[in-house]
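An overview of the molecular structure
Below are the chains, spelled out letter by letter.
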Amino acid sequence: MARTRQRWLPALLIPLALAIAVLFGSVQAGASVSLPPKTAEEILAMIARTEVRALSGTVQQTAELGLPEVPTSGPGIAPGAVSALEFLTGSHTARLYVDGPLRARLQVLDRMAERDVVINGGDAWFYNSRDNSATHLTAPVKPTVPDKHEPPMLPPEMTAPDMPTPEAIAGRFLAAVDASTEVTAAGSSTVAGRSAYSLVLNPRSAETLVDSVTINVDSETGLPLAVDVRANGQAEPAYSLAYTQLDLSTPDAGLFNFTPPPGATVTEKVLPVKPVPSMALPSAPVPDHVRPAPDVRGPGASVTGKGWDSVISLPAGSAPAELTSNPQLSQALQPVGGGRALTTSLLNVLILDDGRVFAGMVPLERLQSAAAAQ
Amino acid sequence: MLIALAAVPVLIAVAVKLSSRPAAPGRGPLFLDRITQNGLFVAVTALVVCVPLFLPLTVGVVAGDTIAGEANLGTLRYLLLAPAGRIRLLLVKYAGAVAFCFAATATVAASGALAGVVLFPVGPVTLLSGDTVSVGESALRSLLIAAYITVSLLGLSAIGLLISTFTDVPVGAMAATIVLSVVSQVLDNLPQLEWLHPWLFSHYWLGFADLLRQPISWTSFGENALLQAGYIAVCGALAYAKFSNKDVLS
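Source: prediction; values computed, not measured.

Turning our eyes to something else, we now look at the overall build of chain A. Broken down by element type, chain A carries 8 helices and 18 strands. Summarising the internal contacts of chain A: among those between residues at least 6 apart in sequence, 59% fall at separations of at least 24. In the form shown here, chain A has an accessible surface area of approximately 16500 Å², with 58% of it arising from carbon and sulfur atoms.

As structure tokens, this is what we get:
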């Protein structure tokens, strides 16, 4: 009998050892590092001084906005039908290569597929491996007024910092910091194996849905490594974008030279033309909406309120067609008094029957009262 | 079984060759639409088709048969009469299953490459990233994919070996192994069980697409290898415990 027990011993010990190793690994990953404390002002200065011009890394974006998960594959899903909603749900991984302000490559790693954005000087390529299509954008002579729903990838913004990096998103939040925001330093953390300072932006307003925005800043270079946006009454971050791997060496120059593969359908476009919808996504929707209002201005749009609880209103007819025609988006819309609404934990959009659109990071009631006031 | 596996890519290639209507891009398995332009894609498409069912099926049959098959034929006790020890028998049996994993994957890849070269033009290969690589490098990447899939199947083989030690009915062990692989893949597709996904042995099975990116993403290769090693360790330990205590009557 003792012998029998002895023989079962390894069967017990090995799983136990593995479990301990897994637990230890996860504890170690979450352990905070000890860094000399810095004030919020010092951290802000670090971000302003950052001089990272080249990097290659992997970023992961997770959105838990309370929207139903959009299936991206399977029967009934047409290729390329991925919509703006796709990046508002679930998690996405992308590889990012940046070399200076003019050369960048973003690879959205889908399951068994990939979408690429390659920017090299005045040329931009969008490539979708699912339907083997490529779009070539060349810079126009003069950029016109950027449409609200176009990606911030148009010239003169067609530069690497406008890739959807934690740095770009953090920059947008920090640019909007004013008296309505309380900025505090919140210790240190580890992101992508690098020690980082945490900076927390707390809206002073109680009207907004945003609870806090946490920005993790690399302790060596001042590069923002991760951005978490928390919504009121939700434990998980509603939106997070973070590096999972980061290498600050200059990536291989060959990565930025893109030639469309043989057999690909190539569309030539001169800006400012909206690129292939699915390709526009990596950068467009979430950052566009999540950032505080002031820089989201389309033709005829007006902003009421200040800071975090501002409401953007679009007059009738100016609502982007995608809001009303996209079938996946229509499914997510709920009928409310006087129109339909897209409600998420971070952002609400109210589409009235008369065509007016109100949006903001505020509760739906506030959008409705803003609509009634006009 | 290897012949059946080898037939899959040939079937795909012949079907694509005979169909007059070109496959629409984005429909069907990965790269199906590009086979007509480049025969080297036949191997990759065939592997994509085989990974969810055919390969686990054959590996399940081989792994489930390891111990239970011998017990069923009444040859297990003769094997144990030799002064080799039960651990060694277990290891040799597992090595046999591993060799089959490799042979099965290599068969699909080789027969796919062969069918593609015979039936379609061959040229530089387009990767998922949109970059093209030479034929030589694409062959290298095919080998890497074959290695990845072989590694992917190691965990399943270990599970099959474990189940095989519990029964004298080989068909039962085979069926249980195959059912487990299907269950694991179904669970992997339920978004409600997201916390469980990284622990399922089939979670990284289709991750070999990462080897078709430029530059190659090694993350899933490493994570897959680690996960499979964990399954081998746990199932191997349990199989050893069970088998060394087993009363071998047949």
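Okay, back to it.
For the rest of this paragraph, the subject is the packing of aromatic side chains. Residue and element names in this part refer to chain B. Taken as a whole and assessed by the stated rule, the structure comprises 7 aromatic pairs over all chains. Considering the side-chain rings of Phe201 and Tyr231, the 5.5 Å spacing of their centres and the 75° angle between planes classify their relative orientation as edge-to-face. Of this pair, Phe201 sits in the loop between helix H7 (170-188) and helix H8 (219-244) while Tyr231 sits in helix H8, and the two are 30 residues apart along the sequence. Members of the aromatic cluster, joined through ring pairs, are Tyr148, Phe208, Trp218 and Phe221. The ring of Phe243 has Arg86 sitting right over it, with the charged end atom 5.7 Å from the ring centre.

Turning our attention to unusual backbone geometry. Following Gln214(B), the chain continues into Pro215(B) via a peptide bond in cis, with omega recorded as -5°. Mapped onto the secondary structure, Pro215(B) falls in the loop between H7 and H8. Positioned with a positive phi, Ala192(A) is a non-glycine residue whose angle comes to about 50°. One can find Ala192(A) in the loop between strand E7 (181-191) and strand E8 (194-203).

All names here are of chain A. Structurally, the position occupied by Tyr243 is in strand E11 (residues 239-247). In this structure the C-alpha to C-alpha distance between Tyr243 and Val227, which are 16 residues apart in sequence, comes to 9.4 Å. Dropping the residues within four chain positions of it, Tyr243 is found in contact with Leu55, Gly57, Thr58, Val59, Leu96, Thr165, Pro166, Val191, Ala192, Leu223, Pro224 and Leu225.

Low-pLDDT portions of the prediction should not be read for the details of their coordinates. Mean pLDDT over chain B: 88, with 95% of residues reaching 70 or higher. Mean pLDDT across the secondary structure elements of chain B bottoms out at strand E1 (residues 125-126) of chain B, with 84, and peaks at H7(B), with 94.

What follows deals with the nonpolar core. Residues and elements named next belong to chain B. By size, the foremost hydrophobic cluster in this structure holds 65 residues, and its most contacted members are Ile35, Leu55, Ile149 and Phe208. Broken down by secondary-structure element, the contributors of at least two residues to this core are helix H1 (2-18), helix H2 (41-50), helix H3 (54-73), helix H5 (86-119), helix H6 (135-166) and H8. Per element, the largest residue contribution to this core is 11 residues, and it comes from H6. Aside from chain neighbours lying at most four places away, what touches Leu55 is Leu5, Cys50, Ala104, Thr105, Ile149 and Leu153.

Moving on, we get to the sheet that holds strand E13 (residues 302-304) of chain A. Residues and elements named next belong to chain A. Pairing is antiparallel in the open sheet, where 6 strands are placed in the order E13-E14-E18-E17-E16-E15. At either end of the open sheet lies a strand with only one pairing partner, and these are E13 and strand E15 (334-336). When the angles between neighbouring strand axes are averaged without regard to direction, this sheet yields 25°. In this sheet, strand E17 (residues 348-352) lies alongside strand E16 (residues 339-343) in antiparallel orientation, the contact comprising 5 bridges. Among the inter-strand pairings, Ala341 is bridged to a residue of E17, identified as Leu350.

Right, let's get into the packing of H2(B) against H5(B). All names here are of chain B. Running from amino to carboxyl end, H2 crosses H5 at an angle of 140°, the nearest separation of the two axes being 7 Å. What the angle tells us is that H2 and H5 run oblique. Considering how the two elements wind past one another, H2 and H5 form a crossing that is right-handed. Between H2 and H5, the contacting residues are Val42, Ala43, Ala46, Leu47 and Cys50 on the first element and Thr105, Val108, Ala109, Gly112, Ala113 and Gly116 on the second. A breakdown of the residues in the contact of H2 with H5 according to their chemical character gives 8 nonpolar, 3 polar and no charged.

Quick look at helix H8 (residues 364-373) of chain A now. Residues and elements named next belong to chain A. Every buried residue of H8 is accounted for by Leu364, Leu367, Ala370 and Ala371. Seen from one end, H8 has its buried residues packed into an arc of 120°, which puts them on one side. Looking at H8, the residues exposed on the side facing more than 90 degrees away from the buried face are Glu365, Ala372 and Ala373.

Below, the discussion takes up the pairing of E11(A). Residue and element names in this part refer to chain A. By the bridge criterion, 8 bridges tie strand E1 (residues 54-64) to E11 in an arrangement that is antiparallel. Directly across from Ala63, in E11, lies its bridge partner Tyr239. Inspection of the sheet shows strand E10 (residues 224-231) paired to E11 by 4 bridges, in the antiparallel sense. Residue pairing in the sheet places Asp228 in a bridge with Ser240 of E11.

In this complex, chain B contributes 37 residues to the contact, which on the side of chain A involves 35 residues. The contact between chain B and chain A buries some 2800 Å² in all, and 57% of this surface belongs to carbon and sulfur atoms. Broken down residue by residue, the surface that chain B buries against chain A is led by Leu128(B), Arg213(B) and Asn245(B), which jointly contribute 17%. Taken together, the connections running from chain B to chain A amount to 9 residue pairs in polar contact (both at pLDDT 80 or more). It is H8(B) that provides the largest number of residues to the side of chain B that touches chain A, a total of 10 residues.

Quick look at the packing of H6(B) against H7(B) now. Residue and element names in this part refer to chain B. Across the interface, H6 lies against H7 with an axial gap of 9 Å and an inter-helix angle of 145°. As for the relative orientation of H6 and H7, their crossing is right-handed in sense. Of H7, the residues touching H6 (which contributes Leu156, Ile159, Gly160, Ile163 and Ser164) are Ala173, Ala176, Thr177, Leu180 and Ser181.

All names here are of chain A. What the 12 strands build is an open sheet, ordered E7-E8-E9-E10-E11-E1-E2-E3-E4-E5-E6-E12; its pairing is mixed. At either margin of the open sheet sits one strand with a lone partner, and together these are E7 and strand E12 (265-270). Within this sheet the neighbouring strands show an average axis-to-axis angle of 15°, counted without direction. Sheet topology note: the E8/strand E9 (residues 210-218) ladder contains 6 bridges and is antiparallel.

A few words now on a nonpolar patch on the surface. Residues and elements named next belong to chain B. The grouping of Leu53, Phe54, Leu57, Val182, Val186 and Leu190 at the surface amounts to a nonpolar patch, some 450 Å² of accessible area in total. Going through the elements one at a time, H3 and H7 are the ones with two or more residues in the nonpolar patch. Mapped onto the fold, Leu190 is located in the loop between H7 and H8. A relative accessible area of 37% places Leu190 in the partly exposed class.

A word on H6(B). The end-to-end C-alpha separation of H6(B) is 47 Å, in line with the 46 Å expected for 32 residues at 1.5 Å each. The largest bend in H6(B) amounts to roughly 30° and is located at Leu154(B).

Reading the values: rules and limits
Residues numbered from 1 in each chain as written. Chains lettered and ligands numbered in written order. Predicted model: local features only at pLDDT ≥ 70, side-chain atom pairs only at ≥ 80, totals over all residues. Heavy atoms only, no water. Helix = DSSP H or I, 4+ residues; strand = E, 2+ residues; numbered from the N terminus. Contact = heavy atoms within 4.5 Å. Areas by Shrake-Rupley, 256 points an atom, 1.4 Å probe, with all protein chains shown as cover. Phe/Tyr/Trp six-rings, centres within 6.5 Å; stacked < 30°, edge-to-face > 60°. Lys NZ or Arg CZ within 6 Å of the ring centre and 35° of its normal. pLDDT = per-residue confidence, 0-100. Core = buried A, V, L, I, M, F, W, Y, C linked by side-chain atoms within 4.5 Å. Buried < 20%, exposed > 50% of the residue type's maximum accessible area, 1.4 Å probe, protein only. Pairing = 2+ DSSP bridges. Axes fitted to C-alpha atoms, helices over the stretch in contact; angles between N-to-C directions. Parallel < 35°, antiparallel > 145°, perpendicular 65-115°, else oblique. Left-handed = near helix turned anticlockwise from the far one by under 90°. Nonpolar A, V, L, I, M, F, W, Y, C, P; charged D, E, K, R; others polar. Arc of directions from axis to C-beta. Buried area = accessible area lost by both parts, 1.4 Å probe. Polar contact = N/O pair within 3.5 Å; in protein donor to acceptor, adjacent residues only side chain to side chain. Patch = residues over 30% accessible without salt bridge, like charges linked within 9 Å, V, L, I, M, F, W, Y side chains within 5 Å. Salt bridge = Lys/Arg side-chain N within 4 Å of Asp/Glu carboxyl O. Expected span 1.5 Å × (residues − 1). Bend = angle between axes of the 7 residues up to and from the residue.

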